[in-house]
Amino acid sequence: MDRWQAMRIFVKVAETESFADTARQMFMSAPAVTRAVASLEDLIGARLFVRTTRSVKMTEAGARYFDDCRRILADIAEAEAAARGSYATPTGTLYITASVLFGQMYVLPIVTRYLDTYSTVKAKTLFVDRPVNIVDEGIDVAIRIGHLPDSGLTAIKVGTVRRVMCGSPKYFERYGVPKSPADLKYHRIAASTAAWASPEWRFADDQRVTVEPVLQCNTNEAVIHSAREGWGLTRVLHYQIGPALMAGELQIVLGEYEEPPMPIHILHPEGRHAPAKVRTFVDMASASLRENRLLN
């Protein structure tokens, strides 16, 4: 039996923890499965499994070899798929997550354009303002704002966003423009409870101001609306008010006191082994987001 087939059998035994189940799933006889594993053990010079009458468990050497075998088999499968062209054809359902407003404003247009381009793919979006474990929840691609913790995920930086203070020209005409963060205590503040719930707002050079919002709303859309109407000032991410800024409905203040911008990354868990649907979407999304002047 060739080594590649023996490795496939070994991986299946490790996954099922059963020689009999492996034989049944691979349409082989149980003695053939046993011989394949034994041949690998002879070749390596180490036991791969501890067998009892009730269970099959990997040894320490077996666990290390299992990880290497899966990687090698994945490389072989990728090479075969590339050779016959299927690796280059996006298919299946693409599952994408982002925060609510960013997803609606910037990600969804990319998704619909992608679906128009690749008719063999369907898409599902999860736009939520909460941490999402993309591996546990079966997410293919995530767009994240903020600094990332260390992980085994592939991360591609596509832009930055600023946290800004803003208000409408009508408000500034009536109440004046704050000249420093300390001036905020003299202004009407609308704040979202969806993010930055702390009353302490931070600015450049570690300046901190405790604000007492007169109006608190559970969505960013609501506080942005109140600012556009001239009711008060609010603090949001720059991209969230992009259309209002371009329309002249809102203006940014205290720009010289802003903290450093936060990065935007596209994340996916499969690295260079990602299927075509992920690779093609990431390519399209990366190009689109990097071209957006509100994000770069």
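Scoring rules and cut-offs
- Residues numbered from 1 in each chain as written.
- Predicted model: local features only at pLDDT ≥ 70, side-chain atom pairs only at ≥ 80, totals over all residues.
- Heavy atoms only, no water.
- Helix = DSSP H or I, 4+ residues; strand = E, 2+ residues; numbered from the N terminus.
- Buried < 20%, exposed > 50% of the residue type's maximum accessible area, 1.4 Å probe, protein only.
- Lys, Arg positive; Asp, Glu negative; His and termini not counted.
- Charge placed at Lys NZ, Arg CZ, Asp CG, Glu CD.
- Salt bridge = Lys/Arg side-chain N within 4 Å of Asp/Glu carboxyl O.
- Pairing = 2+ DSSP bridges.
- Axes fitted to C-alpha atoms, helices over the stretch in contact; angles between N-to-C directions.
- Contact = heavy atoms within 4.5 Å.
- Polar contact = N/O pair within 3.5 Å; in protein donor to acceptor, adjacent residues only side chain to side chain.

Peer 1: How should I be thinking about the overall build of the protein chain in this particular structure?
Peer 2: A count of helices and strands for the protein chain gives nine helices and 14 strands. Residues counted as buried form 42% of the 296 residues belonging to the protein chain. Separation between the mean location of the 35 positive side-chain charges and that of the 33 negative ones in the protein chain comes to 3 Å.

Peer 1: Just to check I follow, could you spell out the pattern of salt bridges for this structure?
Peer 2: As a working rule, side chains carrying opposite charge can pair if their charged atoms are close by. Under the counting rule described, the total for this entry stands at 14 salt bridges. D21 is the salt-bridge partner of R24, the closest N and O atoms lying 2.2 Å from each other. One end of the pair, R24, and the other, D21, are both in helix α2 (residues 19–25), three residues apart, so they sit about a helical turn from each other. Owing to a relative accessible area of 55%, R24 belongs among the exposed residues under this scheme.

Peer 1: Explain the sheet that holds strand β5 (residues 141–145) to me, please; I cannot follow it from the model alone.
Peer 2: Two strands in a sheet stick together by hydrogen bonds in their backbones, pointing the same way (parallel) or opposite ways (antiparallel). Pairing in this open sheet of five strands is mixed, and the strands run β4-β3-β5-β14-β6 from one edge to the other. Bordering the open sheet on either side are β4 (121–127) and β6 (154–161), each of which pairs with just one other strand. Averaged over all pairs of adjacent strands, the angle between strand axes in this sheet comes to 20°, irrespective of strand direction. As defined by bridge partners, β5 adjoins strand β14 (residues 262–268) across four bridges and the pair is classed as antiparallel. Across the sheet, residue I143 finds its bridge partner in β14, namely I266. Packed on one face of the sheet, helix α5 (residues 100–117) meets β3 (92–98), β4, β5 and β14 and runs near 180° to β4. In the packing of helix α9 (residues 276–291) onto the sheet, the strands contacted are β3, β4, β5, β6 and β14, and the crossing angle to β6 comes to about 20°.

Peer 1: I would appreciate a short explanation of unusual backbone geometry in the present structure.
Peer 2: Leaving glycine out, the prevailing phi sign among residues is negative, and the prevailing peptide bond configuration is trans. Here F27, not a glycine, exhibits a phi torsion of approximately 55°, which is positive. If you trace the backbone, F27 turns up in the loop between α2 and α3 (30–44). Its relative accessible area of 78% is what places F27 among the exposed residues. The residue D206 is not glycine, and still its phi comes out positive at about 60°.

Peer 1: Please clarify how the sheet that holds strand β11 (residues 215–217) should be interpreted in this entry.
Peer 2: Read across the sheet, five strands follow the order β11-β8-β12-β7-β13 without closing on themselves; strand pairing throughout is mixed. Of all the strands in the sheet, just β11 and β13 (251–253) have a single pairing partner and so form its edges. Each strand axis lies, on average, 35° off the axis of its neighbour in the sheet, ignoring direction. Note that strand β8 (residues 189–192) and β11 share three bridges and pair parallel. Residue pairing in the sheet places A190 in a bridge with L215 of β11. Running over the sheet, helix α7 (residues 220–228) touches β7 (163–167), β8, β11 and β12 (233–237) and is turned about 165° from β8.

Peer 1: Can you walk me through the side chain of T234 in this structure?
Peer 2: Positionally, T234 belongs in strand β12. Within polar-contact distance, the side chain of T234 engages the backbone oxygen of A190 at 2.7 Å. When near neighbours in sequence (up to four residues on either side) are disregarded, T234 contacts V164, M165, C166, A190, A191, V223 and A227.

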